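Structural description and commentary
Below, each chain spelled out in residue letters.
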Amino acid sequence: MEGAATVLLGAVTGLLGALPSMYLLERALKRDRRVSVASGLVSIMVSFAMLSAAIFVVWLVSRERVLVFGVAVVASFLFVWTIEAWRAWHDAQKNVVSGERKP
């Protein structure tokens, strides 16, 4: 049961690590406000710091669970960004005229 708790905690941590950049993407998709490059870089640094700190804490507390935790963090983070990338691509394609897609 402890392994499942480690995976669940890692998945939640990965989701929390994706939140800063997800917020900016949602603002950009709404097109009601401009999103700056500086705020994007800050959101990436915040995500990196959060995820690195979480993995470091798990390493300090329970070194045998670091790999399971880290894989769960990365898997959930990439899963979120797969969905967000698909949404951004879909949003970018909705105004394309059908003749523009043909080679």
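Calculation criteria
Residues numbered from 1 in each chain as written. Predicted model: local features only at pLDDT ≥ 70, side-chain atom pairs only at ≥ 80, totals over all residues. Heavy atoms only, no water. Helix = DSSP H or I, 4+ residues; strand = E, 2+ residues; numbered from the N terminus. Rg over C-alpha atoms; globule rule 2.2 N^0.38 Å. Buried < 20%, exposed > 50% of the residue type's maximum accessible area, 1.4 Å probe, protein only. Contact = heavy atoms within 4.5 Å. Phe/Tyr/Trp six-rings, centres within 6.5 Å; stacked < 30°, edge-to-face > 60°. pLDDT = per-residue confidence, 0-100. Expected span 1.5 Å × (residues − 1). Core = buried A, V, L, I, M, F, W, Y, C linked by side-chain atoms within 4.5 Å.

1. Some details on the overall build of the chain
A count of helices and strands for the chain gives three helices and zero strands. Ordered by position from the N terminus, the helices and strands of the chain form the series α-α-α. Here the C-alpha radius of gyration of the chain, 17 Å, is well above what a compact globule of 103 residues would show, namely 13 Å. Projected onto its principal axes, the C-alpha positions of the chain cover 55 × 30 × 20 Å. Burial analysis of the chain (103 residues in total) assigns 26% to the buried set. A separation threshold of at least 6 residues defines the contact pool for the chain, and within that pool the share at least 24 residues apart is 69%.

2. Details of the packing of aromatic side chains
In this structure the tally under the stated criterion is one aromatic pair. Between Phe56 and Trp59, the aromatic rings sit 5.8 Å apart at their centres with planes inclined by 25°, giving stacked as the arrangement. Residue Phe56 and its partner Trp59 are both found in helix H2 (residues 37–61); the two are separated by three residues, about one turn of the helix. Taking the relative accessible area as the measure of exposure, Trp59 reaches 36% and is therefore partly exposed.

3. Re the confidence of the model for the chain
When pLDDT is averaged along the chain, the result is 88; 91% of the residues meet or exceed 70. Within the chain, H2 carries the highest mean pLDDT (94), whereas helix H1 (residues 2–30) carries the lowest (91).

4. Quick look at H1
Across its 29 residues, H1 extends 41 Å between first and last C-alpha, which sits within 8% of the 42 Å expected from 1.5 Å per residue. Residues Thr6, Gly10, Thr13, Gly14, Gly17, Ala18, Ser21, Met22, Leu24, Leu25 and Leu29 constitute the buried set of H1. Elements that come into contact with the buried residues of H1 comprise H2 and helix H3 (66–93). Of the residues one or two after H1, Arg31 is the one with positive phi, at around 60°.

5. So, the nonpolar core
Membership of the largest hydrophobic core is limited to six residues, which are Leu51, Ala54, Val58, Val66, Phe69 and Val73. Those elements that place two or more of their residues in this core are H2 and H3. Contacts of Val73, omitting those with residues within four sequence positions, involve Gly10, Thr13, Gly14 and Leu51.

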